[in-house]
Amino acid sequence: VAEKNDAGDVSAYVAPCYVTNEDALSSVNGATNAIEVLSDNLVSSIYIGQGAGRYPTANSCINDIVALAKGDLNLLPFNPTSETKFVNNYESVFYLRLNYRDQVGITRQVGEVCEKHGVSIHSILQNPVAKNQESAFAIVTDKVDYAAILKVLADVEALSWCKGKPFYMPVLRDDWQN
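Predicted model only: the values in this text are computed from it and were never measured.

Asks: Looking at this structure, how should I read the sheet that holds strand E1 (residues 2–4)?
Replies: Ordered in space as E1-E2-E5, the three strands form an open sheet in which the pairing is mixed. Whereas interior strands pair on both sides, the edge strands pair on one side only; in this sheet they are E1 and strand E5 (86–87). Where strand E2 (residues 10–12) lies against E5, two bridges are found, and the strand directions are parallel. In the sheet register, Ser11 faces E5, and the bridge partner there is Val87.

Below, the structure is given as structure tokens:
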């Protein structure tokens, strides 16, 4: 996902994203890659092709070697102008999954951590735990900066009941719940 913000800065990331079953990208699976380009003129165009594997990887390596042989030392894609500023932050709705050891007050603690970092919780799903075993619950946030999510995850992971690294991914579309 790449986008230009109001200040003219570009943010970009490559990550698994939550999409609904109705989304055109939901049918992409396995080693297949897909790119969706949104523009004012074309609205939405999706390009799908072979992803990871022997030949695509070899093709990318050859392209990099040819670029270096031609003297292209720019590590940034598409040779952007020097005025383009890349930022490692973006806004999205996020899906979080937290593994936990059951105890009283964990939902409250997660809410407090989110509040501390300005993250609003849209929804939370916690299934009943049988026999005090480890379990997981899911949270969907409202739209928030990626930097704030990283702070929430670090604080939650440090809590005594949190088991392992929390999982997260951006939700691709703002209208995911419609």
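Asks: How should the side chain of Ser11 be read in this particular structure?
Replies: In this structure, Ser11 sits in strand E2. Judged by relative accessible area, which is 7%, Ser11 ranks as buried. Within the structure, Ser11 has its side chain in polar contact with the backbone oxygen of Asn89 (distance 3.4 Å).

Asks: Would you mind showing me how to read the packing of aromatic side chains here?
Replies: By convention here, two paired aromatic rings are described through the distance between centres and the angle between planes. For the structure shown, the criterion picks out eight aromatic pairs. On the numbers, 6.0 Å between centres and 35 degrees between planes, the contact of Tyr90 with Phe94 is tilted. Note on Tyr90: relative accessible area 8%, which makes it buried. What makes Phe94 buried here is its relative accessible area of 0%. Ring geometry for Tyr95 versus Phe167: centroids 6.4 Å apart, planes at 70 degrees, classification edge-to-face. Taken as a pair, Tyr95 in strand E6 (residues 91–101) and Phe167 in strand E10 (residues 167–171) lie far apart in primary sequence, 72 residues in all. By the ring-pair criterion, three or more aromatic residues cluster together here, those being Tyr90, Phe94, Tyr146 and Tyr168.

Parameters at a glance
- Residues numbered from 1 in each chain as written.
- Predicted model: local features only at pLDDT ≥ 70, side-chain atom pairs only at ≥ 80, totals over all residues.
- Heavy atoms only, no water.
- Pairing = 2+ DSSP bridges.
- Helix = DSSP H or I, 4+ residues; strand = E, 2+ residues; numbered from the N terminus.
- Buried < 20%, exposed > 50% of the residue type's maximum accessible area, 1.4 Å probe, protein only.
- Polar contact = N/O pair within 3.5 Å; in protein donor to acceptor, adjacent residues only side chain to side chain.
- Phe/Tyr/Trp six-rings, centres within 6.5 Å; stacked < 30°, edge-to-face > 60°.

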